[in-house]
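# Coordinates in review
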Amino acid sequence: MNPLKSITELRSKGESRRFLDEVGYLFEGMDSSVGVGLRRARCVLSSLPVHALSHPPSAFEIVTKLCDFEFARKAKAADFLSKAWDVFRDAGAGKGEDKVCKDSTTILDTLLAFFVALVARDPSSLRDLAQRSPSTTPLPSVAGSSHNNSTQHHSPPTMVDTLFVLLGASSDPLALISSSSPEGKGKHDIELKKLGVGKKDRGLISTPLLILHALHALPPALIPSRYLPALLTSLRQALSPILPPSISSNPLAWPDAAHTIPFESIYYALRLLDVYLLGQWGTAIVEPVGEGEQRVEKANEAEVEEAREEWLAEGLVALGVCAELDGGGMFRSSFS
């Protein structure tokens, strides 16, 4: 054995152990024994201005620290990311278990989406997280999923399963930024400006965007084909402001509609749809061939045909018009 290599490995393990010891308090703060207080804090979190978050709950602090590239590097080396994922899931993220908040998507779920989006900056870390052995806690049914056989409720959930559960939620706490009162909105504007977040960028961040960004960063071979209906549902929701009857024939309504379109979310959704149509979804997933898989395939074919006939073609034409009116929208950076 090379003694230099042995010393280097021991030093690396020692650094990782010290790092985990230093951040251990973050995991303790997510423990289920103190879950009630933290869940209430998470509900209040969305209504607080940025300066009030100097001592945020542990879930928020985990996400905040991961924004730092040096912390993220150490976290990867110390296997912090997989531990953090397990802690989020044990605390109820992605399961619909946080009943204190009334929204379908809780603040904890949103922070989990932020966490995965940050992990997606390193594709290898995201892939490792997606390929980990899933927990044994079943997930709720995914809205729009064509996987309607009995295995849906009993199969252990993977990271991809969890992301599609969050994508199918009916509400988004991040929308509170744009729907707060004029007084509160003014305070948010000041704080966000200090952080360098311009007015044009604020409406672009949403939980679906974070999820679609992470899914797009994954190898498509790891995405089960049964989730195509959920993707189409999300895409249709993103296009809804420019689909009838939301948009009228009045030309004056189009410029306003153009500024409400989540261009980047639509971009990621279309890229995911593209690789599905190329037959690249789920190729690395080993599943028994049987009636269940055939039902999923037939259901997906019906979903695609229905989308083509009812809204997809019209939505894409309207999207092109809005992108032109908006000077290219997010597609300027997405396709550059």
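Conventions we followed
Numbering of residues begins from 1 in every chain and follows the order in which that chain's sequence is written. With pLDDT at 70 or above as the cut-off, local features in this predicted model cover only qualifying residues; side-chain atom pairs require 80 or more to be listed or tallied, and sums for whole chains, interfaces and linings still use all residues. To get the side-chain values, all heavy atoms of the structure are used, and hydrogens and water are removed first. By definition, any uninterrupted DSSP run of H or I lasting at least four residues is a helix, any uninterrupted run of E lasting at least two residues is a strand, and each is numbered from the N terminus. We call a residue buried when its accessible area falls under 20% of the maximum for its residue type, exposed when it is over 50%, and partly exposed in between, using a 1.4 Å probe and counting protein chains only. In what follows, a contact means two residues having at least one pair of non-hydrogen atoms within 4.5 Å. For the accessible areas, the method is Shrake-Rupley and the probe is 1.4 Å, while residue cover comes only from the protein chains on display. Only the stretch in contact is used when a helix axis is fitted, and all axes are lines through C-alpha atoms; the angle between N-to-C directions ranges over 0 to 180 degrees. Note that the term roughly parallel is reserved for angles under 35 degrees, roughly antiparallel for angles over 145, roughly perpendicular for angles of 65 to 115, and oblique for everything else. Take the far helix as the reference: if the near one is turned anticlockwise from it by less than a right angle, the crossing is left-handed, and if turned clockwise, right-handed. Charged residues are taken to be Asp, Glu, Lys and Arg, nonpolar residues to be Ala, Val, Leu, Ile, Met, Phe, Trp, Tyr, Cys and Pro, and polar residues to be all remaining types, Gly included. Take the buried Ala, Val, Leu, Ile, Met, Phe, Trp, Tyr and Cys residues and link them wherever side-chain atoms come within 4.5 Å; each set so joined is a nonpolar core. Under the convention used throughout, the expected extent of a helix is 1.5 Å for every residue step, that is, one less than its residue count. Within the patch definition used here, like charges are joined within 9 Å and nonpolar side chains (Val, Leu, Ile, Met, Phe, Trp, Tyr) within 5 Å, considering only residues with over 30% relative accessible area and no salt bridge. Here a salt bridge means any side-chain nitrogen of Lys or Arg lying within 4 Å of a carboxyl oxygen belonging to Asp or Glu. In protein, a polar contact requires one atom able to donate a hydrogen and another able to accept it; more generally it is a pair of N or O atoms within 3.5 Å, and residues adjacent in sequence count only if both atoms are side-chain atoms. Each aromatic pair joins two rings of Phe, Tyr and Trp (for Trp, the six-membered one) with centres within 6.5 Å, and gets the label stacked for planes under 30 degrees apart, edge-to-face for over 60, and tilted for any other angle. Scored from 0 to 100, pLDDT records how confident the predictor is in each individual residue.

## Things to note about the overall build of the chain
- In terms of helices and strands, the chain carries 18 helices and zero strands.
- Within the span of the chain, comprising 336 residues, buried residues form 43% of the whole.
- In the chain, 79% of the contacts between residues at least 6 apart in sequence involve partners at least 24 apart.
- A total of about 18100 Å² of accessible surface is found on the chain, and carbon and sulfur atoms cover 56% of it.

## Some details on helix H6 (residues 80-90)
- The buried fraction of H6 is high, at eight of 11 residues.
- Among the residues making up H6, those that are buried are Phe80, Leu81, Ser82, Ala84, Trp85, Val87, Phe88 and Arg89.
- One or two residues past the end of H6 sits Gly92, with phi positive at roughly 110°.

## Looking at the packing of helix H9 (residues 159-167) against helix H13 (residues 207-217)
- At a minimum axis distance of 9 Å, the contact between H9 and H13 shows a crossing angle of 150°. One finds that H9 runs roughly antiparallel with respect to H13. Seen from above, H9 lies across H13 with left-handed handedness. Along the contact surface, H9 presents Val160, Leu163, Phe164, Leu166 and Leu167, while H13 presents Pro208, Ile211, Leu212, Ala214 and Leu215.
- In terms of residue class, the contact of H9 with H13 is made up of 10 nonpolar, no polar and no charged.

## Brief notes about the nonpolar core
- By size, the foremost hydrophobic cluster in this structure holds 80 residues, and its most contacted members are Phe80, Phe88, Phe115 and Trp281.
- Sorting elements by how many residues they give to this core places helix H7 (residues 107-119) first, with 10 residues.

## As for unusual backbone geometry
- If you check the backbone angles, Asp79 has positive phi at about 60° while not being a glycine.
- With respect to the secondary-structure elements, Asp79 resides in the loop between helix H5 (69-77) and H6.
- The class for Asp79 is partly exposed, based on a relative accessible area of 40%.

## Here we look at H7
- With 13 residues, H7 should reach 18 Å at 1.5 Å per residue; the first-to-last C-alpha distance of 18 Å fits that figure.
- Of all 13 residues in H7, 12 are buried, a share of seventy percent or more.
- Buried residues of H7: Ile107, Leu108, Asp109, Thr110, Leu111, Leu112, Ala113, Phe115, Val116, Ala117, Leu118 and Val119, and no others.

## Focus on the packing of H7 against helix H8 (residues 123-130)
- Axis separation between H7 and H8 bottoms out at 8 Å; the angle between their running directions is 130°. Considering their axes alone, H7 and H8 lie oblique with respect to each other. Residues Phe115, Val116 and Val119 of H7 pack against Ser125, Leu126 and Leu129 of H8.
- Among the residues making up the contact of H7 with H8, the classes are represented as five nonpolar, one polar and no charged.

## Brief notes about the side chain of Thr207
- Assignment of secondary structure puts Thr207 in helix H13.
- Each residue touching Thr207, except ones within four places of it in the same chain, is listed here: Thr110, Ala113, Asp172 and Leu174.

## Here we look at a nonpolar patch on the surface
- Judged by side-chain polarity, Val317, Val321 and Leu325 come together as a nonpolar surface patch covering roughly 260 Å² of accessible area.
- Judged by its relative accessible area of 36%, Val321 falls in the partly exposed class.

## Some words on the side chain of Arg226
- Tracing the chain through its elements places Arg226 in the loop between H13 and helix H14 (228-239).
- At 3.2 Å, the side chain of Arg226 and the side chain of Asp161 are in polar contact.

## Thoughts on the pattern of salt bridges
- Enumeration over the complete set of coordinates arrives at six salt bridges.
- Notably, a salt bridge pairs Asp161 with Arg226, separated by 3.2 Å at the nearest N-O pair. Of this pair, Asp161 sits in helix H9 while Arg226 sits in the loop between H13 and H14, and the two are 65 residues apart along the sequence.

## Things to note about the packing of aromatic side chains
- Summed over the entire model, instances satisfying the criterion amount to five aromatic pairs.
- Relative to Phe80, the ring of Phe71 lies with its centre 5.6 Å away and its plane at 85°, an arrangement referred to as edge-to-face.
- On the basis of relative accessible area, Phe80 is assigned to the buried category, the value being 0%.
- Consider the rings of Tyr276 and Trp281, whose centres lie 5.3 Å apart with planes at 80°: the pair is edge-to-face.

## Here we look at the environment of Gly92
- Inspection of the secondary structure puts Gly92 in the loop between H6 and H7.
- Gly92 gets classed as buried once you look at its relative accessible area, which sits at 2%.

## Quick look at the confidence of the model for the chain
- Residues at a pLDDT of 70 or more form 60% of the chain, whose mean pLDDT is 75.
- Averaged pLDDT values for the elements of the chain fall to 43 in helix H3 (residues 35-45) and rise to 96 in helix H16 (residues 263-277).
- With pLDDT under 50 throughout, residues 179-184 is counted as low confidence; its partners more than four residues away or in other chains account for two contacts.

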